[in-house]
Every structure is written in C-alpha cells, then in structure tokens.
Amino acid sequence: MTTRLSRADTRPIAPVRMLHLGLGNFHRAHQAWFTEHAPDAAEWGYAEFAGRDSALVDELNEQGGAYTLLVRGADGDQPEVIGAISAVHQATDHEAWLNYWVEPELAVITITVTEAGYCRGEDGGLDLADPGVLADLEALRADPRALVGTAPGRLLAGILARAEAGQGAVAVFSCDNLPENGLVAQRVVGDLAAALGPEAVAAVTPHSWVTSMVDRITPRATDEELAAVAELTQRDDRAPVVTEPFVEWVVAGDFPAGRPDWQGVTFVDDVEPFEQRKLWLLNGSHSLMAYAASARGHEAVSDAIGDPVVRGWVEEWWDEAVRHLSLPADHLETYRAALVARFANPNIRHLLAQIAADGSQKVPVRILPTLKAERAAGRSGRGAARVVAAWIRHLRGAGAPVTDAAGDRFVTVVQMEGAEGVRRVLELLDPELGADDGVVELVESLVAELAGA
Ligand code: CS2
C-alpha cells in the first residue's frame, strides 16, 4: 500500500500573507506554482478558500495542503510536490476569511472564480437583481461580519473587516479569463459597496486592483492520471493536479504591501494586448471546438484539433482575430503554431464538455470583439460567426451538454424557429449585432451548414 501524501513530503508551512478565493485546479497549477518557485517562497504562504464548499478542501487538509502537480508534456510526465498552500478552508468558513483580512501581514488576494463568479449584469457592473447578490447585500446591511456567498460579497466583507481593524492597502488580484479583470473585480465590489453606503465605499478606495492575463491548460484529472501519480510518486495523493508544461502570467498593477518574488512573470503597464491575444486565439478557439467539434463527435481538444475540418475552422477564426490584435505579426504566427502543439498534446485530455460550460459568459468576451470589428471593416466575420452558430446549435442540443449558470435567457429564445431565434440570441449578446441583418443571415446559414458538417 502506498503512503498518503503529507506535509512531510514538501517544504515547511510558510506564514500566510496571501489569500486565494476560488480554490481549484487552475489556481494550483498557476499562481500556487509560481509561488512555489519564488526564491522567497518561505515567506509567502497561501490560505485557500473554496468557491463553494467541496470535498477537495477536506482532501487537501488531510495532506497538510500538499499536492502533486503532474506536468504532462508531449514527451513525458514530470511530477512535483507543491508546498505553497499553508491553510485550506471551506467557502462557509467565513470567520477564518475575515480573520485573515485583519492581519497586518496580509498583502495579496488572488481570485479565480470563473467569468460567472463576478455576478455582472448586462452593463458590466454588478447585477443587483441577482438573488445571491441581493442576499449578500441584505446580510451585510444587517451585520458586516455575516456569512455572504458571492465573490463580490466575500471580497467586500473582507475589505470592511480590514478597514474596521485599521489595516492598510492590499492588492486584489484577478486571475480569471476576462478582459481588464482587475477593473471588473473593482467595479463589482465597488457597486456592492455603493449599494451599502459611503462608509463601505471609503473602505474599498485604498486597495489596489491588479489585472492579469493567466494561461496554463489544466483539465480535470482522469482516474488513469490519479493512478499515474501514485505510480510515479509512490504516494497516495487524493488531490493531484494535471497540467501542461506551458505557463504564462502577464500582470499590471501595484502591490502596496509587497508580493512574492515571482519569477518568469511579465509585468507591464497595459495587459490588454496580451489578454486579447490569449482570450481570442486560445480561449476563442477553445470555445469554437467545444461547440463545433463536440457536435462532430469529438470529446477532447486533442482529438478535435487533429480533425482537418475543425482545424480549418480554427485557422479561419484565427485569421480574422489576428487582424485586430496589436502584437507584431511574427509574434502572433509563433503563438498560433505553439497553440496547435499545445492543443495536440496527446497526454493532456482536455474535455470539450468542460470548456463548453458557461458559454453566455465566454462567447461575448472571446468572440464578439472580432465579429464586430470584422463587420465594421466591411468583411463578413464568417470565422467568428461560426462560433456563435455552433453555440446556438449547442444550446439547441447538439454536442456537449449545456451547463450555463447565466444562460437561461438564451436557452429560452434560442428555441424559436430559424432566423427569429438567431436574431434574438444576437440581440441578447449585443443589440448592434441583432440589428445587423447580414450577421443574422450569416449565422443562420452557418447553423444550417454545421448541421450538415
Ligand atoms: C478554457 C480555459 O475552460 C475554458 O473555457 O478555455 O480554461 C483555458 O484552458 C485556460 O484559460 C488556459 O489558460
């Protein structure tokens, strides 16, 4: 019998100076991995908080926060035990959350709560009609220390506790796949504070909101991979993470209370060119494959990219998207070639169904800027329109199953026959697109074309 992985298998626990909201695989392959490799890692421990209560918290606690990161390249596996996590908490351990926030040493709060976790409404600000948001607002009005459930609510509760304790500014650092993610976090927390009152607004003001582009393909581990970890490490790890060798982090913003000396991170004034490159080229083609390739019977990205028809669609999409990116052409060529190799990695089984989730949050940021820019330039935007068409087919039942926390309004209108259904979906996505007869016609014809593909 193999021994259970434990804290004894890694370095000593570092003092907590960072919090993470949204404990999951991606964070453990990315921000925790960067922290593990910082030369001053011994001074920078993470306290982790789950997005919602989960068995992962218990498993990690039983291992003292230690876990194996299995890096799977096309040519082999490299396991590494990560010790960046000093403490792990359930989402509802709100007392612990608030207690960390009042510590003078606290410096950085990273967030991975997915696109949907920011609870944004149509105007990009906080959706004050969201039942979770309303419940948090009520709770905070009654007692700033009351249990809250949404990410904006939890962040604001922490900030209020820190203000109450008279402690200084920290960096709140978004690591989700959203353009200007730091500003998005600032806006939703600011909107909640504004709804609460001027004192709350004043509590938010001193903090720094850091924006970042994050990248590392990190699918859910399969049972075979769990077994491979045990075989390679001779440890029984119930919470390993499987990821690819590639990793990238581009960051803009201030860290008023310091940060780990992360190596290999690109610090810039403006993340946008990198963010658009990654969101449009990587995530955009991911969404394209999740809808269009799953409808062709493919299960994983590596199968999809090997299908010449799908590859043609991906290239068509990239040809359109790169026209609107500001990075140099040779850089984008290299990036595209690297993406094909990353997608084709036979040792990474990234399920299309996992990527297909929450399309109502993903399609607008990944695809629509290119579609609109192509139309404005007098071109059809066919490659981008194909993704929208494939998503519409997905919502109507083709390919990967529909799981979308905010997708109800789309699922309702998409059932309308023919052009009307397409127009209504486009209107909900963006009124300008819904009013463009050429796009409605194009998307409708692509829906029909995909049905026969
Ligand atoms: C994917 C991303 O699930 C998805 O929507 O497109 O999780 C993607 O794998 C990461 O952003 C890669 O860095």
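Rules of the game
Every chain is numbered on its own, with residues counted from 1 as its sequence reads. In view of the model being predicted, local features appear only for residues whose pLDDT reaches at least 70, and side-chain atom pairs are presented and counted only at 80 or more, with totals across whole chains, interfaces and linings using the full set of residues. Derived side-chain values reflect all non-hydrogen atoms in the structure, with water molecules and hydrogen atoms excluded from consideration. Whether a residue is near a molecule or strand depends on its heavy atoms: if one lies within 4 Å, it is near. Nitrogen and oxygen atoms within 3.5 Å of one another constitute a polar contact, given that in protein one can donate a hydrogen and the other can accept it, and given that sequence-neighbouring residues count only through two side-chain atoms. Accessible surface area values rest on a Shrake-Rupley calculation with a 1.4 Å probe, where residue burial reflects the displayed protein chains alone. Where helices and strands are cited, they refer to DSSP runs of H or I of at least four residues and of E of at least two residues respectively, numbered from the N terminus. These domain limits were set by an automatic method or by a database of domain assignments. Any pair of Phe, Tyr and Trp rings, taking the six-membered ring for Trp, is counted once the centres come within 6.5 Å. Such a pair is stacked with planes under 30 degrees apart, edge-to-face with planes over 60 apart, and tilted for the rest. Charge over a ring is defined by NZ of Lys or CZ of Arg lying within 6 Å of the ring centre and within 35 degrees of the ring normal. One fewer than the residue count of a helix, multiplied by 1.5 Å, yields its expected span. Think of it in three bands: residues with accessible area under 20% of the maximum for their type are buried, residues over 50% are exposed, and the middle band is partly exposed, with areas taken using a 1.4 Å probe on protein chains only. Whether two residues touch is decided by their heavy atoms; if any such pair falls within 4.5 Å, the residues are in contact. Using a 1.4 Å probe, buried area is obtained as the accessible area two parts lose upon being combined, added over both of them. Take a side-chain nitrogen of Lys or Arg and a carboxyl oxygen of Asp or Glu: if they are within 4 Å of each other, that pair is a salt bridge. Note on pairing: two strands pair once DSSP finds at least 2 bridges between them.

Chemist: Explain the site of the ligand to me, using residue names and the numbers behind them.
Modeler: The ligand sits among Asn177, Asp215, Arg216, Ile217, Lys278, Asn283, His286, His350, Ile355, Lys362 and Arg366. A distance of 2.9 Å is found between an oxygen atom of the ligand and a side-chain nitrogen or oxygen belonging to Asn177. Between an oxygen atom of the ligand and a side-chain N or O atom of His286, the distance comes to 2.8 Å. Summarising the interface, the protein chains cover 87% of the accessible area of the ligand, which totals 340 Å² for the free molecule. Looking at the shell around the ligand, the elements with two or more residues in it are helix 10 (272-293) and helix 15 (359-366). Ranked by residues supplied to the shell around the ligand, first place goes to helix 10 with 3 residues. In terms of domain composition, the shell around the ligand takes at least three residues from each of domain 1 (3-270) and domain 2 (273-451).

Chemist: So what about the packing of aromatic side chains? Which residues, and what values?
Modeler: Throughout the structure, instances matching the rule amount to 12 aromatic pairs. An aromatic cluster is defined as three or more aromatic residues linked by ring pairs; in this entry it consists of Trp33, Phe34, Phe173, Trp249, Phe255 and Trp262. Over the aromatic face of Trp33 sits the side chain of Arg216, whose NZ or CZ is 4.8 Å from the ring centroid. The lysine or arginine in question, Arg342, covers the ring of Phe246, its NZ or CZ lying 3.7 Å from the ring centre.

Chemist: Can you lay out helix 6 (residues 151-164) for me, pointing to particular residues and giving the numbers?
Modeler: In this model, helix 6 (14 residues) spans 20 Å end to end at C-alpha, consistent with the 20 Å of a helix rising 1.5 Å per residue. Counting buried positions along helix 6 gives 12 out of 14 residues, so the element sits mostly inside the fold. For helix 6, the full list of buried residues reads Ala151, Pro152, Gly153, Arg154, Leu155, Leu156, Ala157, Gly158, Ile159, Leu160, Ala161 and Arg162. The N-cap residue of helix 6 is Thr150: its side-chain oxygen and the backbone nitrogen of Gly153 are 3.0 Å apart.

Chemist: Give me the lowdown on helix 21 (residues 437-452), citing residues and values where you can.
Modeler: Spanning 16 residues, helix 21 covers 23 Å between terminal C-alpha atoms, matching the ideal 22 Å at 1.5 Å per step. Each element contacted by the buried residues of helix 21 is listed here: helix 12 (308-322), helix 16 (368-376), helix 17 (382-395), helix 19 (418-429) and helix 20 (431-434). For helix 21, the N-terminal cap is Asp436; the gap from its side-chain oxygen to the backbone nitrogen of Gly438 is 3.0 Å.

Chemist: Go over the side chain of Ser302, please, and point to the residues and values.
Modeler: For Ser302, the position within the fold is in helix 11 (residues 301-305). By relative accessible area, which is 18% here, Ser302 ends up buried. Discounting chain neighbours no more than four positions away, the residues touching Ser302 are Phe343, Ala344, Asn345 and Ile348.

Chemist: Report on the domain arrangement of the protein chain, specifying residues and quantitative values.
Modeler: Each domain of the protein chain was delimited in the assignment, giving domain 1 (3-270) and domain 2 (273-451). Between the C-alpha centres of domain 1 and domain 2 there is a distance of 28 Å. Between domain 1 and domain 2, the contact holds 34 residues from the first and 25 residues from the second. In total, domain 1 and domain 2 occlude about 2300 Å² of area from one another, counting both sides; carbon and sulfur atoms represent 55% of this. There are 5 salt bridges connecting domain 1 and domain 2. Taken together, domain 1 and domain 2 are joined by 12 residue pairs in polar contact (both at pLDDT 80 or more).

Chemist: Let's hear about the sheet that holds strand 12 (residues 248-252): which residues, and what values?
Modeler: Judged by pairing direction, the sheet is mixed, and its 8 strands sit side by side in the order 6-3-2-7-8-9-12-13 without closing on themselves. In this open sheet, the two edge strands, each paired with only one partner strand, are strand 6 (85-89) and strand 13 (266-267). Taken together, the 5 bridges between strand 2 (residues 16-21) and strand 3 (residues 45-49) define a ladder with parallel strand orientation. Bridging from a neighbouring strand, Val16 pairs with Gly45 of strand 3.

Chemist: Before we move on, can you summarise the pattern of salt bridges with the specific residues and values?
Modeler: Taken as a whole and assessed by the stated rule, the structure comprises 33 salt bridges. The shortest N-O distance in the salt bridge between Arg382 and Glu449 comes to 2.8 Å. Taken as a pair, Arg382 in helix 17 and Glu449 in helix 21 lie far apart in primary sequence, 67 residues in all. You can call Arg382 partly exposed: its relative accessible area is 30%. One network of salt bridges, in which partners are shared, links Arg311, Glu315, Asp319 and Arg336.

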